[in-house]
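Residue strings, one per chain:
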Amino acid sequence: MILFNHNVSLKPFNTFRIDALATELATVHDNDEAQSLAACSSPDNTVVIGGGSNLLLLSDVYNCRMVRVGIDLIQQILDDNDHVVFRVGAGVVWDDLVNMSVNKGLYGIENLSGIPGTVGAAPIQNIGAFGQEAASAIQSVEGFYIGSGKPFSIDADKCNFGYRNSIFKNELKNKVMITNVTFKFNKQGKLNLDYGALKSAPELQKSNPSLSDVRQAVLSIRNSKLPDPDVLGNAGSFFKNPFISQEQADYLNNTFEKVPIFVQKDGNIKVAAGWLIEQCGWKGKSLGPAAVHDKQALVLVNKGGAKGQDIVNLCEAIRKDVMKKFNVEISPEVNFIK
Ligand code: EPU
């Protein structure tokens, strides 16, 4: 049965721990419930919140319909010589899926260990870390159109996956309810250990590290840099690492020392936003009840009692300083909910 709660605090449902009120919070538990709720909801008045780990609530009160998709079924739909394919409910906790795949000896999402949030949110911003992205393991994404309840299933190559980007953040933004994501994992694989911090991880200084060693290494790096939302509200990286032109990269390299610039496989150039922010003196600094995390400048935190606007004020002050010092524009990766 679809569960409707009224006048509920959203504090437990967003990892920034912002205390906004939802006049209606609906939870669906299976595909039929999702379809009927989607059919009787309006795209202009519905917000699907998932695990709440990549959003910033800007209003004190939401009069729209907030939706949580609690589908937590994992079905194995193929097992051949090389691959195992699972259809996974949007409400499954992302890290439970990673843990399951690692325990089964399957390759594909091990570097994405410890990312908070649900499976349904993973394709929206194409979660990524330590040189791996969810997109490379996703086969298709299913759900329903909000308004009509019409089902959709989109193959990964049509999801327009990019760095922290997909069709669900663009053409389909606020238009669909994601209910299931299908993942294809590899039985044989090569570990992806090229990412800076992984190279020096103690768990990986052996001749044949396992999937589980990678998971442990990733979890300990994350624990050392990223705050636990239950202790300090946050939404992981608040900003995306910006793409810059060759001219901008030359300018930065000629003007500053040891600039963390990364040339992508496709030739695009990215610069670490955390470095830009730290160079502006923001690391560990506060503005009202919002602050920049002292161990990772990409992460903004709620020191307690912050409203969405307090985080926005800090975000804007940082963007302004980064633009002034480096002439580089940084943008939030977190989803702002008005
Ligand atoms: N750096 C600084 N100061 C900082 C943070 C970073 O100088 O405070 C520089 C360092 O030179 C470092 C470089 O930035 O070498 C890269 O830093 P890090 O390895 O910590 O990664 P990141 O680019 O800051 C990205 C993801 C994280 C992900 C890590 C590890 C984005 C927006 N963020 O951060 O993702 O965990 O790589 O792969 O791409 C998230 O999306 O919520 C998230 C935490």
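Everything that follows concerns the structure shown earlier in this document.
To start, this report covers the structure provided alongside it. (Residues numbered from 1 in each chain as written. Predicted model: local features only at pLDDT ≥ 70, side-chain atom pairs only at ≥ 80, totals over all residues. Heavy atoms only, no water.)

## Some thoughts on the site of the ligand
Under the convention used in this document: When at least one non-hydrogen atom of a residue lies within 4 Å of a molecule or strand, that residue is treated as near it. A 3.5 Å cut-off defines polar contacts: any pair of N or O atoms within that distance qualifies, except that in protein one atom must be a possible hydrogen donor and the other a possible acceptor, and neighbouring residues in sequence count only when both atoms are side-chain atoms. A 1.4 Å probe and the Shrake-Rupley method give the accessible areas. Residues count as covered only by the protein chains that appear here. We count a stretch as a helix when DSSP gives it H or I for four or more residues in a row; a strand needs E for two or more, and each element gets its number in order from the N terminus. Only Asp, Glu, Lys and Arg are considered charged in this grouping, and only Ala, Val, Leu, Ile, Met, Phe, Trp, Tyr, Cys and Pro are considered nonpolar; every other residue, Gly among them, is considered polar. Each domain span listed reflects an automatic or database assignment of domains.
Around the ligand sit 24 residues, and of these Phe130, Tyr163, Arg164, Ser237 and Glu278 come closest. Here Lys225 contributes a side-chain N or O atom positioned 3.0 Å from an oxygen atom of the ligand. Burial of the ligand by the protein amounts to 81% of the accessible area it has alone, namely 820 Å². Contributing elements (two or more residues each) for the shell around the ligand: β8 (128-129), α4 (211-225), β13 (233-237) and α6 (273-279). Among the residues making up the shell around the ligand, the classes are represented as 11 nonpolar, 6 polar and 7 charged. Counting contributing residues, the shell around the ligand receives three or more from each of domain 2 (74-222) and domain 3 (227-337).

## Let's talk about the nonpolar core
Counted only if it meets this: In this description, a nonpolar core means a group of buried Ala, Val, Leu, Ile, Met, Phe, Trp, Tyr and Cys residues linked to one another through side-chain atoms lying within 4.5 Å. Partly exposed describes any residue whose relative accessible area lies between the buried limit of under 20% and the exposed limit of over 50%, with all areas from a 1.4 Å probe on protein chains only and scaled to the type maximum. Contacts were defined at the residue level, with two residues in contact if any of their heavy atoms lie within 4.5 Å.
Among the nonpolar cores identified, the biggest contains 49 residues, and Phe239, Ile277, Leu300 and Ile318 are the most heavily contacted of them. Looking at this core, the elements that each hand over two or more residues are β2 (21-28), β4 (55-57), β5 (61-69), α5 (246-255), β16 (269-271), α6, β18 (290-292) and α7 (308-326). Broken down by element, the residue count for this core peaks at 7 residues, all from α7. If you count residues domain by domain, this core takes at least three from each of domain 1 (3-69) and domain 3 (227-337). When near neighbours in sequence (up to four residues on either side) are disregarded, Ile318 contacts Phe239, Ile277, Trp282, Val292, Leu300 and Ile330. Counting 44 residues, the second largest nonpolar core, distinct from the first, contains Tyr107, Ala129, Phe152 and Val218.

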